[in-house]
Amino acid sequence: MNQNLSPEAEKLLIKFQTLQQQFQAVAIQKETFTVQKNEVSKALDELEKSDSGDVYKSVGPIIIKTEKAELTKDLKEKLETFDLRLKTLNSQEEKFKEKLKENQEEIQKALTAVAQVQEDTKKDEDKSIA
């Protein structure tokens, strides 16, 4: 890393980068689940508008006939699963935000300490030259 950083500051920066990567992974998962939830929600809305008792659903590469009530139940269960997963991801996201903020404050303190040491060293060098 940087030669001017203390080993502690370097460790904090590495920890911060790791936390950022984990935060980004959670954010991507959250976005993916949100898109999937919206798709299931739209499908459920369209299904409820349908007057037909028989509907079709995609299962892998094939489409099969199924009853409207069964498919409605399946889609509602999927929505519940997405809601639970999103709630968990929101919680994880908030924890990562807190950890990132705490880590950022620790880094700032470490960098301030390094800057102070460098400034004091420069003052001492200037005094010895004069």
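Our structure is the block above this text.
Report on the accompanying structure. Since we're looking at a predicted model, the values are computed, not measured. (Residues numbered from 1 in each chain as written. Predicted model: local features only at pLDDT ≥ 70, side-chain atom pairs only at ≥ 80, totals over all residues. Heavy atoms only, no water.)

Focus on the overall build of the protein chain
Moving on, step 1. When its secondary structure is counted, the protein chain shows 2 helices and 2 strands.
Moving on, step 2. Along the chain direction, N to C, the helices and strands of the protein chain fall in the order α-β-β-α.
Moving on, step 3. Since a compact globule built from 130 residues should have a radius of gyration of about 14 Å, the 27 Å found for the protein chain marks it as more spread out than a globular shape.
Moving on, step 4. Expressed as lengths along the three principal axes of its C-alpha atoms, the size of the protein chain is roughly 95 × 25 × 15 Å.
Moving on, step 5. By the burial criterion, 19% of the 130 residues in the protein chain qualify as buried. (Helix = DSSP H or I, 4+ residues; strand = E, 2+ residues; numbered from the N terminus. Rg over C-alpha atoms; globule rule 2.2 N^0.38 Å. Buried < 20%, exposed > 50% of the residue type's maximum accessible area, 1.4 Å probe, protein only.)

Here's the deal with a nonpolar patch on the surface
Moving on, step 1. Together, Val-59, Ile-62 and Ile-64 make up an exposed nonpolar region whose accessible area comes to about 230 Å².
Moving on, step 2. By secondary structure assignment, the location of Val-59 is in strand β1 (residues 54-59). (Patch = residues over 30% accessible without salt bridge, like charges linked within 9 Å, V, L, I, M, F, W, Y side chains within 5 Å. Areas by Shrake-Rupley, 256 points an atom, 1.4 Å probe, with all protein chains shown as cover. Salt bridge = Lys/Arg side-chain N within 4 Å of Asp/Glu carboxyl O.)

As for the pairing of β1
Moving on, step 1. Sheet analysis places β1 next to strand β2 (residues 62-67), joined by 6 bridges and oriented antiparallel. Bridge assignment links Val-59 to a residue of β2, and that residue is Ile-62.
Moving on, step 2. Adjacent in sequence and paired antiparallel, β1 and β2 are bridged by 2 residues, among which Gly-60 carries a positive phi angle near 65°. (Pairing = 2+ DSSP bridges.)

Comments concerning the layout of surface pockets
Moving on, step 1. When its volume is computed, the largest pocket comes out at roughly 160 Å³.
Moving on, step 2. Together, Glu-39, Val-40, Ala-43, Lys-57, Ser-58, Leu-71, Asp-74, Leu-75 and Lys-78 line the largest pocket.
Moving on, step 3. Secondary-structure elements contributing two or more residues to the lining of the largest pocket are α1 (7-49), β1 and α2 (68-129).
Moving on, step 4. Looking at the lining of the largest pocket, the element that brings in the most residues is α2, giving 4 residues. (1 Å grid on protein atoms, 1.4 Å probe; cavity = no way out; pocket = protein on both sides within 12 Å on 5 of 7 lines; lining within 4 Å. Points joined across faces, edges and corners; volume = space filled by probe spheres on them.)

Examining a negative patch on the surface
Moving on, step 1. Taken together, Glu-8, Glu-98, Glu-102, Glu-105 and Glu-106 make up a surface patch of like negative charges.
Moving on, step 2. Sort the elements by how many residues they give to the negative patch and α2 lands first, with 4 residues. (Lys, Arg positive; Asp, Glu negative; His and termini not counted. Charge placed at Lys NZ, Arg CZ, Asp CG, Glu CD.)

Observations regarding the side chain of Glu-93
Moving on, step 1. Along the chain, the position of Glu-93 falls in helix α2.
Moving on, step 2. Leaving out residues up to four positions away in the same chain, Glu-93 has contacts with Phe-23, Val-26, Ala-27 and Lys-30. (Contact = heavy atoms within 4.5 Å.)

Considerations on the side chain of Thr-66
Moving on, step 1. Assignment of secondary structure puts Thr-66 in strand β2.
Moving on, step 2. The exposure class of Thr-66 is buried, given its relative accessible area of 8%.
Moving on, step 3. Leave out the neighbours within four places in its chain, and Thr-66 touches Gly-53, Asp-54, Val-55, Lys-57 and Leu-71.

Thoughts on the environment of Thr-112
Moving on, step 1. Note on placement: Thr-112 falls in helix α2.
Moving on, step 2. A sequence separation of 63 residues divides Thr-112 from Lys-49, and the C-alpha atoms of the two residues are 62 Å apart.

Points about the packing of aromatic side chains
Moving on, step 1. As enumerated under the stated definition, the model contains 1 aromatic pair in all.
Moving on, step 2. The interplanar angle of 55° and the centroid separation of 5.9 Å between the aromatic rings of Phe-33 and Phe-82 together place this pair among those described as tilted. Note that Phe-33 is positioned in helix α1 and Phe-82 in helix α2, a separation of 49 residues in sequence.
Moving on, step 3. A residue is classified by how much of its surface remains accessible, and Phe-33, at 22% relative accessible area, is partly exposed.
Moving on, step 4. Residue Phe-82 is classed as buried on the basis of its relative accessible area of 12%. (Phe/Tyr/Trp six-rings, centres within 6.5 Å; stacked < 30°, edge-to-face > 60°.)

No statement about biological role is implied by the geometric values presented.
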